[in-house]
Structures are given as structure tokens and as C-alpha cells.
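Survey of secondary and tertiary structure
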Amino acid sequence: MSDGTVLDLVRSDLRAFAGYSSARSSALVGDVWLNANESAWANPADAQGIARRYPEPQPEALRARLAALYGCSADQLLIGRGSDEAIDLLVRALCEPGRDAVLVTPPVFGMYAVCARLQNAPLLEVPLRDAGAALEADIDAIIAAALAGNAKLVFLCTPSNPAGSTISLDDIERVARALQGRALVVVDEAYGEYAEQASATSLLAHRDNVAVLRTLSKAHALAAARIGSLIAAPALIQTLRRCQAPYPVPAPCTALALAALEPAALEVTASRVAQIKAERGRLAAALQQAPGVVLVYPSQGNYLLVRFNDAQAAFDALLAAGVVVRDQRAAPQLHDALRITVGSPEENDRVLQVLSARRAAA
Ligand SMILES: *Cc1c(COP(=O)(O)O)cnc(C)c1O
């Protein structure tokens, strides 16, 4: 198997799977809807009646706005309950249990391994390479391990959570080319808004084994709305849609997301992203000077990975002051590291106050 279409990567037993046939079909036209056992009246709590009927499976207005936002066409985009659902869907639809592997690059976001485990898909781990001042994806090792280990999915997280490093589009393309016909390369851009690098969406024009994950959870401040996007070849999107829950996008969440994608809201989001990027620089520089800090990794996300002389003491001091950060010490290569989200200027000042005050103790 060298060439072929991206559908060859879908589990053979699912390629012709029709999925659930929903009550919302564009083939049906009427003004009295009695086909889905919905209530005849809105709930008194639902003043505008937006929740009475089952929603569109893929709300077309939102799909069009997200496609415009991410620079793809609507038929290349699948909306899910966060990008978490897209990760789960990809693993379930592509990996034959016990056979097709999922490749990850630890230390990295944990959901890829969780979904692989649930599907009983073998997990291939290619650790980030410690280049001293950065933890970086090891492209040659990724390609070699994917080919040797029968990877069906390769998750590339860029900017990397928690390491903060990015993978160039040339390197992503190189992985996709090497794995053409064998694996789908999934580029997780959950923090893409904070990065200088362009989105991998542009690679889809000539690489059908590339997929991109985007989300409204981080830069767009809508984590609780659970709106994530998978961008991939239209044929793959259609197939995954048939494997997805019938009505994955709640109408109130669609309304919230549409409002967040209005020009005025997008302008506010852009200015907040700019502010976080400035704060990221300020916080990194100040932390590098703080007592007990060994290394602050450069980051293209809205977080900093920091190594400490005594990460437990730093974590405890922050917690005692009411500041909760992410303990990374259980992750491979990160036995002395914490991940600190870049917050508002006041929140970042709190972090710096706590860590600087330790000078006396240290
Ligand atoms: C936060 C995060 C996600 C999850 O995003 P949702 O859209 O909220 O599910 C995905 N990938 C990475 C790397 C993340 O850090």
C-alpha cells in the first residue's frame, strides 16, 4: 500500500458504514414537524425556543464561519465537542483494535494516549528531543517509528503542549510524504493563535493524509462551549461524520460560538492574544531571573514550561498563595518542571511575587 486515497486509512469495516439516520435531513421539507418526538412547546426556561428541537447535526452557519476563520472550505471541516471529540473519533474510525498504532511525542497532551488505550490501539512513543534550550519533535525518529510500528495516526502537537515548541510546515509535510498511504498526520493546533507560524491547513491542498485540529477553547475563551474543529479531506470528513454522535453540537453552544465569531468579538480576541503574547515574554524574562528557576523554555503557546531546582517547593509556595499551576513532574523528561499558564498581568504578577519572595528562604 503506497498510494491510494485517504479513505484507505479508515477501518475497512467502517468504510461503507451509514451511521445513524437523523431526523434533520435537507431532503425533508415541511412546516409541521412531527417526525422526531420533540415537544410541541418550548420550555419556560428557554425564552427564545432555541433548544426545543434537535439541532442541525453540523450547523451550516457555524461551519461556514469556522471554515472562513481557519482558511479552509466548509466541506473540509467537521465540528465536534471540543477537539477532544475529534481525537477520539479519529482513533476509533481509523485504528483497528490491537493492530493499528497511534504515535505520540511525549511529553505531550494526554488525550491521544487515552483514546488509543480506549480503542486498544498500540501506542508508539517518540520522545521530544532535548536540544538543551528546547524540547523538539524528532522528525526522522517519528518517520522511522511510524513505518516500523504500523502507525495509522501520528499526532503532532504544534505549538507543543507542554513544551511550547513548534514544528515547521516543511517538517510536517516531510512526515506526511513519508507516510502517504499508511498514516494520517494529525496536526493539533489548539494554541495556533499564539504562534508565529502559519497553520498546516495550507498543506491539505496537496496532501490528503494531513488533518488539522483547531478549537475555540483556548484563545477564543469558550472552553465550556466545547466547539472544536477537525479540518481534513472532504471524503474523510464525510466518513467521520457518519461515525459521530447524531447531534454533537448543542444549539446554545452554536449560538454562543456564532456570536464569538462576529467581527467585534474577533477583534477583542485578537487584542487579548496580542496581550498574552506580550505577557508571555515579560513573564518568561522575569521567571528566568527568579531564585530557584533553572530553565524557562521558549513558548509559542499561552503557557510556559519551567524547570526548577525544587519544583515541589515552587508548586507548594504558589499553591499556598492561592495560585494553581500544572505539575508536570510525572511526565517523561519533566521530573523538575511546572507548566504555568500565562494569565492577566495581575495574575502573572502574583506568580512573580510568590517566586521572588522565596529568595529569603532559598
Ligand atoms: C486544550 C487542548 C485540546 C483540547 O481542546 P478542546 O477543544 O477543548 O477539546 C486539544 N489539544 C491540545 C494540545 C490541548 O492543549
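For the structure, see preceding data.
Described below are features of the structure shown in this document. (Residues numbered from 1 in each chain as written. Predicted model: local features only at pLDDT ≥ 70, side-chain atom pairs only at ≥ 80, totals over all residues. Heavy atoms only, no water.)

**Notes on the sheet that holds strand 1 (residues 77–81)**
Note the cut-off: By definition, two strands form a pair when at least two bridges between them are found by DSSP. Under the DSSP-based scheme used, a helix requires at least four consecutive residues in state H or I and a strand at least two consecutive residues in state E, with every element numbered from the N terminus. Axis geometry follows a simple rule: fit a line to the C-alpha atoms, using only the stretch in contact for helices, then measure angles between N-to-C directions, giving values from 0 to 180 degrees. Note on contacts: a residue pair qualifies if any of its non-hydrogen atoms lie within 4.5 Å across the two residues.
Read across the sheet, seven strands follow the order 1-9-8-7-6-2-3 without closing on themselves; strand pairing throughout is mixed. Each edge of the sheet is formed by a strand with only one pairing partner; in this case those strands are strand 1 and strand 3 (123–125). Geometrically, the sheet is characterised by an average inter-axis angle of 25° between neighbouring strands, direction not taken into account. Along the sheet, helix 4 (residues 139–148) makes contact with strand 2 (101–104), strand 3 and strand 6 (151–157), crossing strand 6 at roughly 160°.

**As for the site of the ligand**
We count it as follows: Nearness is judged by heavy atoms alone; a residue qualifies as near a molecule or strand once a single heavy atom is within 4 Å of it. Within 3.5 Å is the distance limit for a polar contact, defined as a pair of N or O atoms, with the added protein rule that one can donate a hydrogen and the other accept it, and that residues adjacent in sequence qualify only through two side-chain atoms. Throughout, the Shrake-Rupley method with a 1.4 Å probe supplies accessible areas, and for residues the shown protein chains are the sole cover considered. Residues are grouped as follows: Ala, Val, Leu, Ile, Met, Phe, Trp, Tyr, Cys and Pro are nonpolar; Asp, Glu, Lys and Arg are charged; all remaining types, including Gly, are polar.
In the region of the ligand, 14 residues are neighbours, and Ser83, Tyr191, Thr215, Ser217 and Lys218 sit closest. Within the side chain of Asn161, an N or O atom sits 2.9 Å from an oxygen atom of the ligand. One of the side-chain N or O atoms of Lys218 is found 3.3 Å from an oxygen atom in the ligand. Within the complex, the protein chains bury 94% of what would otherwise be the 390 Å² of accessible surface of the ligand. Counting residues per element, the shell around the ligand draws most heavily on helix 2 (residues 82–94), at three residues. The class makeup of the residues in the shell around the ligand is five nonpolar, five polar and four charged.

**Some thoughts on the environment of Phe109**
Following the sequence through the fold, Phe109 ends up in the loop between strand 2 and helix 3 (111–119). Sequence-wise, Phe109 and Gly49 are 60 residues apart; in three dimensions their C-alpha atoms are separated by 38 Å. For Phe109, the contacting residues outside a window of four places in its chain are Asp84, Ile87, Asn161 and Asp188.

**Structural notes on the sheet that holds strand 12 (residues 326–327)**
Spatially, 10-11-13-12 is the arrangement adopted by the four strands of the open sheet, whose pairing is antiparallel. Edge positions in the open sheet fall to strand 10 (293–296) and strand 12, since each of these has one partner strand only. Sheet topology note: the strand 12/strand 13 (residues 337–341) ladder contains two bridges and is antiparallel. Bridge pairing in strand 13 places Asp327 opposite Leu338. Here helix 8 (residues 263–289) sits on the sheet and contacts strand 10, strand 11 (303–308) and strand 13; the angle it forms with strand 10, its principal contact strand, is near 150°.

**Describing the packing of helix 4 against helix 5 (residues 169–178)**
Helix packing for two helices is described by the angle between their axes and how far apart those axes are. This is how the line gets drawn: Should an angle fall under 35 degrees it is taken as roughly parallel, and over 145 as roughly antiparallel, whereas 65 to 115 is taken as roughly perpendicular and any remaining angle as oblique. Crossings are classed by handedness, with left-handed meaning an anticlockwise turn of the near helix from the far one by less than a right angle and right-handed meaning a clockwise turn.
Contact pair helix 4 / helix 5: the axes reach a minimum separation of 10 Å and the direction vectors enclose 20°. As summarised for this structure, helix 4 and helix 5 are arranged roughly parallel, according to the angle between their axes. Considering the relative orientation of helix 4 and helix 5, their crossing is right-handed. The segment helix 4 lies against helix 5, with Ile139, Asp140, Ile142, Ile143 and Leu147 engaging Asp171, Arg174, Val175 and Ala178. Taken together, the residues that form the contact of helix 4 with helix 5 break down as six nonpolar, no polar and three charged.

**Here's the deal with the packing of aromatic side chains**
The criterion, for reference: By convention, a stacked pair of Phe, Tyr or Trp rings (six-membered ring in the case of Trp) has centres within 6.5 Å and planes under 30 degrees apart, an edge-to-face pair has planes over 60 apart, and any other such pair is tilted. Relative accessibility decides the category of a residue: with a 1.4 Å probe and only protein chains considered, values under 20% of the type maximum give buried, values over 50% give exposed, and everything between is partly exposed.
Under the definition given, this model contains four aromatic pairs. Between Tyr112 and Phe155, the ring centres sit 4.4 Å apart and the planes meet at 10°, which makes this aromatic pair stacked. Of the two residues, Tyr112 sits in helix 3 while Phe155 sits in strand 6, which places them 43 residues apart along the sequence. The burial state of Tyr112 is the same as that of Phe155; both residues are buried. Site record: aromatic cluster; members linked through ring pairs are Phe109, Tyr112 and Phe155.

**A few points about empty space enclosed by the protein**
The cut-off we apply is this: Buriedness of a pocket was judged along seven lines, with at least five required to meet protein on both sides within 12 Å; pockets are open sets of points on a 1 Å grid over the protein atoms alone, cavities are sets where a 1.4 Å probe fits but cannot get out, and lining residues have an atom within 4 Å of a point. Grid points are joined across faces, edges and corners, and a volume is the space filled by probe spheres set on the points.
Counted under the stated rule, the structure contains one cavity of 30 Å³ or more. In this structure, the largest cavity occupies an estimated 40 Å³ of space. The wall of the largest cavity is formed by Thr105, Leu128, Ala137, Leu156, Cys157, Ser160, Ser165 and Ile167. The residue makeup of the lining of the largest cavity, split by class, is five nonpolar, three polar and no charged.

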